[in-house]
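Residue-level structure breakdown
One-letter residues, chain by chain:
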Amino acid sequence: MINYKTLPEFDKDFKSLLKRFRTLENDFATFKKFTIETFYEQNIPTTAFVPIEGFCSESYVSNKVRKFACLSLPGRGNQSGIRIVFVWQEKICTVTFVEIYFKGDKTEEDRERLKEFLKKI
């Protein structure tokens, strides 16, 4: 079973996006169940997320989700423009969500936030 954690900054980002995209909460739960859990628990390959170069080690992998379906953005399918950054720690079976943002608001993830989190683990 996968343990999920979020950073306080992620919670703030999520709450802000939830005001704009009302289905985000359900979409996020679906993403966790059908993408993260099928990949890490059932070993079913996915192209939904990719490792972030320079932010991986033997004990963790930092990933950016590029394919996230949001029902509040009709007609876009899994290319909604919502990006999620998370860190997978295999030994403790934990996913920590670091950042969520809309690509229309900013083009790239906050590497400083990710770097600060990785210093703590």
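Going by the structure above, here's the rest.
Below is a summary of the structure that appears in this document. As the structure is a prediction and not an experimental result, all values here were calculated from the model. (Residues numbered from 1 in each chain as written. Predicted model: local features only at pLDDT ≥ 70, side-chain atom pairs only at ≥ 80, totals over all residues. Heavy atoms only, no water.)

1. Focus: the nonpolar core
Among the nonpolar cores identified, the biggest contains 34 residues, and Phe68, Ile82, Ile84, Phe86 and Phe97 are the most heavily contacted of them. When contributions to this core are tallied by element, the ones reaching two or more residues are helix 1 (8–20), helix 2 (24–40), strand 2 (49–56), strand 4 (82–89), strand 5 (94–102) and helix 3 (111–120). The element contributing the most residues to this core is strand 4, with six residues. Not counting chain neighbours up to four residues away, the residues in contact with Phe97 comprise Tyr4, Lys5, Thr6, Leu7, Phe10, Phe28, Phe31, Lys32, Ile36, Ile84, Val85 and Phe86. (Core = buried A, V, L, I, M, F, W, Y, C linked by side-chain atoms within 4.5 Å. Buried < 20%, exposed > 50% of the residue type's maximum accessible area, 1.4 Å probe, protein only. Helix = DSSP H or I, 4+ residues; strand = E, 2+ residues; numbered from the N terminus. Contact = heavy atoms within 4.5 Å.)

2. As for the packing of aromatic side chains
Counted by the stated rule, this structure contains 15 aromatic pairs. Here Phe28 and Phe97 contribute two aromatic rings whose centre-to-centre distance is 4.9 Å and whose plane-to-plane angle is 65°, an arrangement assigned as edge-to-face. Taken as a pair, Phe28 in helix 2 and Phe97 in strand 5 lie far apart in primary sequence, 69 residues in all. The pair formed by Phe28 and Phe97 is uniform in burial state, with each residue classed as buried. Among the aromatic residues, those joined into a cluster by ring pairs are Tyr4, Phe10, Phe14, Phe28, Phe31, Phe39, Tyr40, Phe49, Phe68, Phe86, Trp88 and Phe97. Sitting over the face of the ring of Tyr101, Lys106 holds its NZ or CZ atom 5.2 Å from the ring centroid. (Phe/Tyr/Trp six-rings, centres within 6.5 Å; stacked < 30°, edge-to-face > 60°. Lys NZ or Arg CZ within 6 Å of the ring centre and 35° of its normal.)

3. Here's the deal with the sheet that holds strand 2
The strands that make up a sheet pair up through hydrogen bonds in the backbone, lying either parallel or antiparallel. Taken together, five strands build an open sheet; the order of strands is 1-5-4-3-2 and the sheet is mixed. On the outer flanks of this sheet lie strand 1 (3–6) and strand 2, each paired with one strand and no other. Each strand of the sheet is rotated relative to its neighbour by a mean of 30°, with strand direction disregarded. In this structure, strand 1 lies alongside strand 5, joined through four bridges in parallel fashion. In the strand pairing of strand 5, Asn3 is matched with Thr94. Here helix 3 sits on the sheet in contact with strand 2, strand 3 (61–65), strand 4 and strand 5, set at roughly 70° to strand 2. (Pairing = 2+ DSSP bridges. Axes fitted to C-alpha atoms, helices over the stretch in contact; angles between N-to-C directions.)

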